Amino acid sequence: MGGESKDIMSSSSKEYPKLVERPVGKKIRGIYYDRLRQFDAGGQYEKYNLQDKINEGRASGDKWVSLEVYSPPDLTRPTFKDATSHKFKETHVGESFGPSWSTHWFRVTLTVPEDLQKKDHLEFQWDANNEGMIWTEKGEIVHGLTGGGDRTEWILPKSWYDGKPHVFYVEMACNHMFGNAFGDNIQPPPKDRYYQLWKADIVAVNLDARQLHIDYWIVGDAAREFPENSWESHKAFDVCNRIMNTFIAAEGSKDSIKECRKIAQEYLGKLVDTSKQYEGDQPYLVTAIGQCHIDTCWLWPWAETKRKVARSWSNQCDLMDRYPEYRFCCSQAQQYKWLETYYPSLFDRVKEKVKKGTFHPIGGSWVEHDTNMPSGESLVRQFLYGQRFFESHFGERCQTFWLPDTFGYSAQLPQICRLAGMTRFFTQKLSWNNINKFPHTTFNWVALDGSQVMCHMTPAETYTAEAHFGDLKRSVENHKSLDQDASSLLVYGKGDGGGGPTWEHIEKLRRERAIADTVGLLPRVKLGPSVDDFFANLEKKAAEGTEFVTWYGELYFELHRGTYTTQANNKRNNRQSEFLLRDVEYLSTLASIKDLLKDDTTSRKSKYKYPKKDIDFMWEGVLLCQFHDCLPGSSIEMCYDDSDELYEKIYKAGETATIDALKELGFKDKDDLDTELVALNTLPWNRTELVQLPIKSERPKYAIASGTTGAMQVSELTAATDRPASIKELEKGVFQLSNSKFQVLVEDGVITSLFDKEAKREVLAKGAKANQFVIFDDKPLYWQAWDVEVYHFESRKELKPGKSYAVETGPHRVSVTTETQISSQSWLKSTISLDATVDDVYGMITVDTEVEWRETMKFLKVEFPVDVVNTEASYESQYGIVRRPTHYNTSWDMAKFEVCCHKWADLSESNYGVSILNDSKYGFATIGNLMRLSLLRAPKAPDAHADMGRHHIRYAILPHAGPLDHRTVRAGYNLNNPLKLHRHPNPAQLTSMLSAIRIEGPPGLIVDCVKRAEDDEDIAVGLFPPKKGRNIIVRLFDSLGGRSQGKLTWGDLPVKKVAITNVLEDDLEELEIVGKNAVEINVRAFEVLTLKLQLE
Ligand SMILES: [Zn+2]
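Predicted model only: the values in this text are computed from it and were never measured.

Participant: For this particular structure, what's the right way to read the nonpolar core?
Facilitator: Soluble globular proteins: nonpolar side chains tend toward being buried together. With 165 residues, the main nonpolar core has Trp313, Tyr336, Leu509 and Ile515 as its most contacted residues. Tallying contributions element by element places helix H6 (residues 207-225) first for this core, with nine residues. Grouped together as the second largest cluster of nonpolar side chains are 56 residues, Phe735, Ile775, Val862 and Leu936 included.

Participant: Would you mind going over the sheet that holds strand E24 (residues 687-692) with me for this structure?
Facilitator: Backbone hydrogen bonds are what pair the strands of a sheet, in a parallel or an antiparallel way. Reading across the sheet, the five strands line up as E24-E25-E26-E23-E47 and stay open at both edges, with antiparallel pairing between neighbours. Single-partner strands in this sheet number two, and they are E24 and strand E47 (980-984). Strand-to-strand twist in this sheet, taken as the mean axis angle between neighbours without regard to direction, amounts to 40°. Judged from the four bridges that link them, strand E23 (residues 676-681) and strand E26 (residues 710-716) form a sheet pairing that is antiparallel. Each bridged residue has a counterpart across the sheet, and for alanine 679 the counterpart in E26 is methionine 712. Packing against the sheet, helix H22 (residues 987-994) makes contact with E23, E26 and E47, and its axis sits at approximately 140° to E26.

Participant: Got a minute to help me understand the coordination of the zinc ion in this structure?
Facilitator: Under ideal tetrahedral coordination, the four donors around a metal are separated by 109.5 degrees; under ideal octahedral coordination, the six donors are separated by 90 or 180 degrees. Surrounding the zinc ion are the protein donor atoms His293 (NE2), Asp295 (OD), Asp405 (OD) and His628 (NE2), at 1.9 to 2.1 Å. When the donor residues of the zinc ion are listed from N- to C-terminus, their spacing reads H-x1-D-x109-D-x222-H. Residue aspartate 295 is found in the loop between strand E13 (286-291) and helix H9 (302-322), and its partner aspartate 405 is found in the loop between strand E16 (400-402) and helix H13 (413-419); the two are separated by 110 residues along the sequence. In this structure aspartate 295 comes out as buried when scored by relative accessible area, which is 2%. Overall, aspartate 405 belongs to the buried group, its relative accessible area being 5%.

Participant: Can you walk me through empty space enclosed by the protein in this structure?
Facilitator: Empty space among the atoms becomes visible once a probe the size of a water molecule is rolled across them. Tallied over the full model, the rule gives nine cavities of 30 Å³ or more. One number sums up the size of the largest cavity: a volume of about 290 Å³. Among the secondary structure elements, those contributing two or more residues to the lining of the largest cavity are helix H12 (376-394), helix H17 (568-593), strand E39 (872-877) and strand E49 (1005-1012). No other element matches H17, which puts five residues into the lining of the largest cavity. In the lining of the largest cavity, the residues fall into nine nonpolar, six polar and nine charged.

Participant: Could you clarify how one ought to interpret the packing of aromatic side chains in this entry?
Facilitator: Between two aromatic rings, the relevant description is the distance of the centres plus the angle of the planes. The tally for this structure, following the rule as stated, stands at 52 aromatic pairs. Their ring planes at 25° and their centres at 5.3 Å tell us that phenylalanine 80 and tryptophan 135 sit as a pair that is stacked. Highlighted residues: phenylalanine 80 in helix H4 (residues 80-84) and tryptophan 135 in strand E7 (residues 131-136), separated in sequence by 55 residues. By relative accessible area, which is 14% here, phenylalanine 80 ends up buried.

About the criteria used
- Residues numbered from 1 in each chain as written.
- Predicted model: local features only at pLDDT ≥ 70, side-chain atom pairs only at ≥ 80, totals over all residues.
- Heavy atoms only, no water.
- Core = buried A, V, L, I, M, F, W, Y, C linked by side-chain atoms within 4.5 Å.
- Buried < 20%, exposed > 50% of the residue type's maximum accessible area, 1.4 Å probe, protein only.
- Helix = DSSP H or I, 4+ residues; strand = E, 2+ residues; numbered from the N terminus.
- Pairing = 2+ DSSP bridges.
- Axes fitted to C-alpha atoms, helices over the stretch in contact; angles between N-to-C directions.
- Contact = heavy atoms within 4.5 Å.
- Donors = N, O, S within 2.8 Å, 3.2 Å for Na, K, Ca; no water.
- 1 Å grid on protein atoms, 1.4 Å probe; cavity = no way out; pocket = protein on both sides within 12 Å on 5 of 7 lines; lining within 4 Å.
- Points joined across faces, edges and corners; volume = space filled by probe spheres on them.
- Nonpolar A, V, L, I, M, F, W, Y, C, P; charged D, E, K, R; others polar.
- Phe/Tyr/Trp six-rings, centres within 6.5 Å; stacked < 30°, edge-to-face > 60°.

Note that every value here comes from positions in space, so none of it alone points to a role or purpose.
Structure below.
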């Protein structure tokens, strides 16, 4: 017994003992739940609730905010200096500005009226539903604006509360954060959109009221989102209810607002108004990092991205000044370079913040690029150019590869990341999978070669979180790796011109942290310290014995499968530029060291210089176009006009660099008697191919080019040849093509039989039709340019071929062309060719298809049903092969109904197989024994004209006895790098030089890149201090997936030292030179090995 109150139990009272006077009811949760909104929502009570108290004064109109405008002509985007030198004319709120993509400069003269001068906090608020940037009168960037309420205020300096006129500028961009479409953002933007300026005001803000609004919002969320049976939820309801009652009782007086904030402290504690909230070293689960995902192009062109970067990052610098706890990370060296070029003083401000540790460069790559389609060397260059930029400008390389939004992740990324100094990878896009849920949050990702990186996918499942209460809740609820570690990243802030996090996000996070500290239940969040610290903790745990779950191979994205095909021209440009750069670097390297060769007597005093600047320009361009909305084909038409123009410049620079290098190597353009016709082979193996001679004649004239790397001999063929190609028209429209290896039957344009004479085997399935064009209805659920959906198969329609005729009749090449009408507006013309047998290694059937494509939401593919059985097909990817199922056993298998390949796909049995090679395609599907190359799509959003027009596509069927091996790998390179004819006076001398760098060893070992070292003193462009001497970088890899031992040799080149390096060209290990000119190499399955050859 005990605890009774004497008063209550007193028997002197005649009344019953009571705790309350009158009946008290339980609060009906549903009703009070709905009531919560009354306090700060818009609508019928807005004039009577907290919203009405936030703004306590406003001045608008010409007297206080006087506006003049200059509208530059022709959609130009002039600089501040240029724009402000023009005449401005008077304008007013209410006027409209346009059209889409135009720029308007406003001179704003602002005078604070007397009644506002005594207020605590004044803001300039501007909204025209588009983007804008505030500049000082002197031309300094102050702040970015995003219309439509996303970010429309700028805090006025206190010195302006003086009743005097103050001038500044607003640079208005006529697009909103997601471009210029109305309603549905991914529809093609209209050209004539206008934006009405509806707000240009001076506003006095009651900061207590604004803070109470955030208090109430977050405590309200706790009431709503904590479990109904938790005391934490009930307590939050009580706090909110008492706040409302207190406010109502005093009719929202200033004092009552202060009183309400005190009530909120019962739930939030007393620290939410300062960064002290984060002091102390309590353990936390969630690392929150500010982020502004700016797509380098997407629903707007590059030119607008440059301004989005300036607008967004100026906001972030401003927030860092106001919130000491705030940390922001940002990727994409290209965007930093733009800022440095176009906004140098803002770049300096960013640099200062980087130094302070609040602005964190991250990612290590040039852009946030696609990883399905770029070549291995392109992925390497993304990091080489990215890391070199970050290190040279900020003193440090990045440790985390940052790719939140890219559409699937290549199986070799962990290896390449490691080689580029990064051990960590962040993404979240797989949360968009539309078939299977990816099972891990934090895991160990394993590359084809066995390299591993720590990978984290934010459980909040977004990289543009609003820092909501729910985002934090999901950080634990959605976490799929709690067995090993419960920590996670929360990546918050508006992307794409929304300008990153706002003050509101940071204020909300303080309160969410406060809830964890005072009432608990919500995971404790900390701002920063950094993404790298987050990963460092995971790595520490791994080092101490925590075994994180593993994921081997590619992170296949189960959505956006159309991006392997959309914008065919852009993809072709990517492939061709990659091969062009390969040749340019190879030839320029040799030209730049030619003087070191003993037998070079001609050019000791040569003025030739390795064109480093031009090569950088070309690579930076190619890397930019690999951005994750550019190369995949998911941008608006303007972006592809831009990329076409850039590729044109890349081709031109490449052509000039090639001509210069060839000239230095003694090639002559002119056809004179002292020179010999040669075929230039830049690939590291012997080739024997039929080449067409550049001679004008009635029938094409052919020669055999044969030899090793370098200038190959070209022998003109006479009419007779020992293993000719022949063609017979067996009956109308039925042709038989033969050479010593194959007999091909073409009936009505499709191949009905392909017989391998040597293997004595029919290659095609019984009754099958190869090179059959098929068309599908292609209407995905929403994302047109991005997606092809599984049900498209059900609309398969074979295209009916029209007339067929023989074009070439031998003996060197035979071909038959078939014309096919696709629709009233589209057609294709496909030529199947067979060459006389010239090589014992390769024999293939090539197909050149010209397409006039004018379709709507259709998908064109070409089929090859082969007589091969395997449950897995092989696809070339970066530095290796990815095997994927040919069946639909499980939903994971079926999800891969359309996949990415590089130069070939292959279906093989143990002793025979068929490879389908291509010169510019990336989409493929193998279903059972049916191999299908994806050719063209016709989405109408976001580019209404995607892929309309003429296309030239080359592909080939390569049947092979034996399993998949180096023959397919090499044939893929050969098809993409056709021999080019040149003239040289002394090709024999040249060959020793051009083929100096060679591999002796298994044929799957491939030299993929030969270049000069980045910082050699004779070529350096100044990012880093030049290094003495000349060095050649050689990058090779095992292409087939087997440990390989071999030798790298360099002929007569005077090499004095060889080192293994990473892809950033740091020396890792010196190799012993064996004999005069070789090092032994030992390569893991699918390993990439970079060597640096130091020359004397
Ligand atoms: Zn993106």
